[in-house]
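Commentary on secondary and tertiary structure
So you can see what is in the structure, the chains are spelled out below.
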Amino acid sequence: ENRKGGNVKITEIKAVYPKYRVAPGAWRRHFWQIAVCVETDAGICGWGYGGGGVAAVDVVNRHLRELLVGRKFDDSADIARLWDDQYRASLPYGRSGIAVMAISGIDLALWDALGKAERRRVCDLLGGQRRDDLRAYATGPDYAWYRDLGFDAHKSSQAHTDAARIAEWATAARGALGGDALLMIDAYMAWTPDFAIAMAGELAPFNINWFEDVLLPDDLDELAALRPQIQPVLLAGGEHEFTARDFAHIARLGALDLWQPDITWCGGLTAALRIAELSRAHAVPLVPHRGGEIWGLHFLAAGYGEDLAEKVMGKREAPRDELWLGEPEPREGRLALPDGPGFGVEVNEELL
């Protein structure tokens, strides 16, 4: 039986930088993900995921914790008020970057705690599940493996300007995955506008869906100028942006065709919901960065954004840290939510 959150009081907050066991150059180290626990007087611990590494751990443990311990929350509106309070308190050193990455972890932990207190999934707190399962796209270099797993969508990192290598990937990936598969490229800020225009022309026979992070996120005027020059390829980005304020600026400039906020960086679920409202108002599609992780899956399952969830797969032999136990694995290129309350996952204590 569901119960109301009942003014659950925050009794403790702690952030931890996990003991990742993957190679030093692996993306999970590079992205500096932190785990955040919010303890409550209901005996519930909500868990969230943020960014910013050891610096964000200090922001949580030495500043935001003092602001929030003793506060109560009963619904999503309360969580939004707590978000606003954290944003204002960290504004002198924040507004973006590490401070908002720290807030992201707390925000997700609060949503998890609220779901557990009400014995409901987070997607149900967002109005109910509107998508039974989600189309996933596989990010990494091993397109043959993704084909064997049943994926019909794939994104490749091409953070270089070797046109022949990019064309070789497009030829092989299209051949392996078929003519109807979605193919996308992540340039990870390594291209120039001229190179992007040249690649849009050269890759036209392969029907590439989007080019992602073509330039630095600061280059919004240049992105706005580039966008019409690579059509019909979409210009995608936004993983390095924070809060609805940043996306409103992107919308005013018309800098991107497709928005990709990262829910563990942009300010958590509260910020992602505000960004989704903006995307609807401006008729811009939204596909969360790393949306195949549990935080993005609840957001997408509740009907926000497009029916497309990024699953970072890497190579089939690559070591993986399982920080969140119970995250769904793709089946025939689809992802389905777990049944448990909150986000439906547990933290792997061994990595803490």
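The notes below deal with the structure included here. Worth saying up front: this structure is predicted, and the values here are computed from it rather than measured.

Rules of the game
Residues numbered from 1 in each chain as written. Predicted model: local features only at pLDDT ≥ 70, side-chain atom pairs only at ≥ 80, totals over all residues. Heavy atoms only, no water. Disulfide = S-S within 2.5 Å. Buried < 20%, exposed > 50% of the residue type's maximum accessible area, 1.4 Å probe, protein only. Helix = DSSP H or I, 4+ residues; strand = E, 2+ residues; numbered from the N terminus. Pairing = 2+ DSSP bridges. Phe/Tyr/Trp six-rings, centres within 6.5 Å; stacked < 30°, edge-to-face > 60°.

One pass over the full model with this rule turns up one disulfide. The disulfide partner of Cys37 is Cys45, and the gap between their sulfur atoms is 2.2 Å. On the accessibility criterion, Cys37 (9% relative accessible area) is buried. Here Cys45 falls in the partly exposed class, since its relative accessible area comes to 23%. Not part of a disulfide, Cys123 finds its nearest cysteine sulfur in Cys266, a span of 18 Å.

Moving on, we come to the pairing of strand β3 (residues 45–50). In summary, the side chains of a regular strand alternate between the two faces of the sheet. Burial of β3 is extensive: five of the six residues sit out of reach of the surface. Here strand β2 (residues 34–40) pairs with β3 via six bridges, running antiparallel. Bridge pairing in β3 links Val38 to Gly46. Linking two consecutive strands that pair antiparallel, namely β2 and β3, is a turn of four residues; a positive phi of about 75 degrees is found at Gly43 within it.

Enumeration according to the criterion identifies 14 aromatic pairs in this entry. Their ring planes at 80 degrees and their centres at 6.3 Å tell us that Tyr146 and Phe151 sit as a pair that is edge-to-face. Each member of the pair, Tyr146 together with Phe151, is buried. Look at Phe247 and Trp259: their rings are 5.3 Å apart centre to centre, the planes differ by 50 degrees, and that puts the pair in the tilted class. Of this pair, Phe247 sits in helix α10 (residues 243–253) while Trp259 is found in strand β10 (residues 258–259), placing the two residues 12 residues apart along the sequence.

In short, shape yes, function no, at least from these values alone.
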